[in-house]
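Coordinates in review
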Amino acid sequence: MKKTNNNPRRIFGWIMLTGGVILFAAGVLLRSLIPGTIADSRLLEGIGIFAASVGMIPVVQDLIARRDPVAARRNRLAESDERAIALRNQAAYPAFIVSIVLTSLVLIAYSAMTRGQSGFDFLWVALAGLVIIPIVVFVLLANLQERS
């Protein structure tokens with residue numbers, strides 16, 4: 001009898017992938033079948049794409065592990081290697097800085113394009129949050145790690 005793999009990461013991946021596809025399809029159907037609806041179907045589609053992307057990673061890792069279990073075990077051990085972790089951290093910091101700079105540029109460009117508009121602008125607030133919140137989290141976590 002073949003052993004089934006009920007790895008929680010794999011199950012999470014399949015749930016996210018399936019849910020993402022369903023949300024994306026619901027958004028497309030909502031836009032196609034009810035074009036005059038008040039709800040913006042792009043929000044459903046965006047959440048669906050995000051969920052499917054998050055779910056795809058553990059699913060692909062599981063499929064690769066089924067094909068070559070020895071290589072998968074070697075990769076899992078390499079992921080927990082201290083040197084590999086340090087290299088990933090060194091690569092993550094510049095990537096974080098680049099993402100903050102690019103998001104800031106988008107916020108500045110959006111601010112310039114919508115300069116004459118009045119009223120509450122949710123998109124501007126969301127873009128500002130995308131700039132400010134990661135920086136605050138980064139500073140807080142850096143301080144906590146320095147203390148410990």
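In this report, the structure presented in the accompanying data block is examined. Not measured: the values here are computed from a predicted model. (Residues numbered from 1 in each chain as written. Predicted model: local features only at pLDDT ≥ 70, side-chain atom pairs only at ≥ 80, totals over all residues. Heavy atoms only, no water.)

Before going further, it helps to examine the overall build of the protein chain. Within the protein chain one finds five helices and zero strands. What you see in the protein chain, going N to C, is helices and strands ordered as α-α-α-α-α. For the protein chain, whose C-alpha radius of gyration is 21 Å, the value lies well above the compact-globule estimate of 15 Å for 148 residues. Dimensions along the principal axes, computed over C-alpha positions, put the protein chain at roughly 65 × 50 × 20 Å. Contacts in the protein chain between residues far apart in sequence, at least 24 positions, make up 57% of those at least 6 positions apart. On the protein chain, roughly 11800 Å² of surface is accessible, and the fraction owed to carbon and sulfur atoms is 69%. Separation of charge centres in the protein chain, based on 15 positive and 9 negative side chains, amounts to 7 Å. (Helix = DSSP H or I, 4+ residues; strand = E, 2+ residues; numbered from the N terminus. Rg over C-alpha atoms; globule rule 2.2 N^0.38 Å. Contact = heavy atoms within 4.5 Å. Areas by Shrake-Rupley, 256 points an atom, 1.4 Å probe, with all protein chains shown as cover. Lys, Arg positive; Asp, Glu negative; His and termini not counted. Charge placed at Lys NZ, Arg CZ, Asp CG, Glu CD.)

What follows covers the nonpolar core. Of all hydrophobic cores here, the largest spans five residues; its members are Leu107, Tyr110, Leu127, Ala128 and Val131. Counting only elements with at least two residues in this core, the list comes to helix H4 (82-113) and helix H5 (122-147). Tallying contributions element by element places H5 first for this core, with three residues. For Leu107, the residues in contact, after removing those within four places along its chain, are Trp124, Leu127, Ala128 and Val131. (Core = buried A, V, L, I, M, F, W, Y, C linked by side-chain atoms within 4.5 Å. Buried < 20%, exposed > 50% of the residue type's maximum accessible area, 1.4 Å probe, protein only.)

Moving on, we come to a nonpolar patch on the surface. There is a patch of nonpolar side chains on the surface, built from Tyr93, Ile97, Val98, Val101, Leu102, Leu105, Ile108, Ile135, Phe138 and Val139 and spanning about 870 Å² of accessible area. Listed by contribution, the elements that provide at least two residues to the nonpolar patch are H4 and H5. Note on placement: Phe138 falls in helix H5. (Patch = residues over 30% accessible without salt bridge, like charges linked within 9 Å, V, L, I, M, F, W, Y side chains within 5 Å. Salt bridge = Lys/Arg side-chain N within 4 Å of Asp/Glu carboxyl O.)

Okay, the pattern of salt bridges next. This model, assessed by the stated rule, comprises three salt bridges. With its nearest N and O atoms 3.8 Å apart, the salt bridge here joins Arg10 to Asp62. Taken together, the residues span a long stretch of sequence, with Arg10 in helix H1 (residues 8-33) and Asp62 in helix H2 (residues 41-67) at a distance of 52 residues. Accessibility expressed as a relative area gives 8% for Asp62, which makes it buried. With a shortest N-O distance of 2.6 Å, Arg31 and Glu45 are connected by a salt bridge. Taken together, the residues span a long stretch of sequence, with Arg31 in helix H1 and Glu45 in helix H2 at a distance of 14 residues. Here Arg31 falls in the partly exposed class, since its relative accessible area comes to 44%. Assessed through its relative accessible area of 9%, Glu45 is described here as buried.

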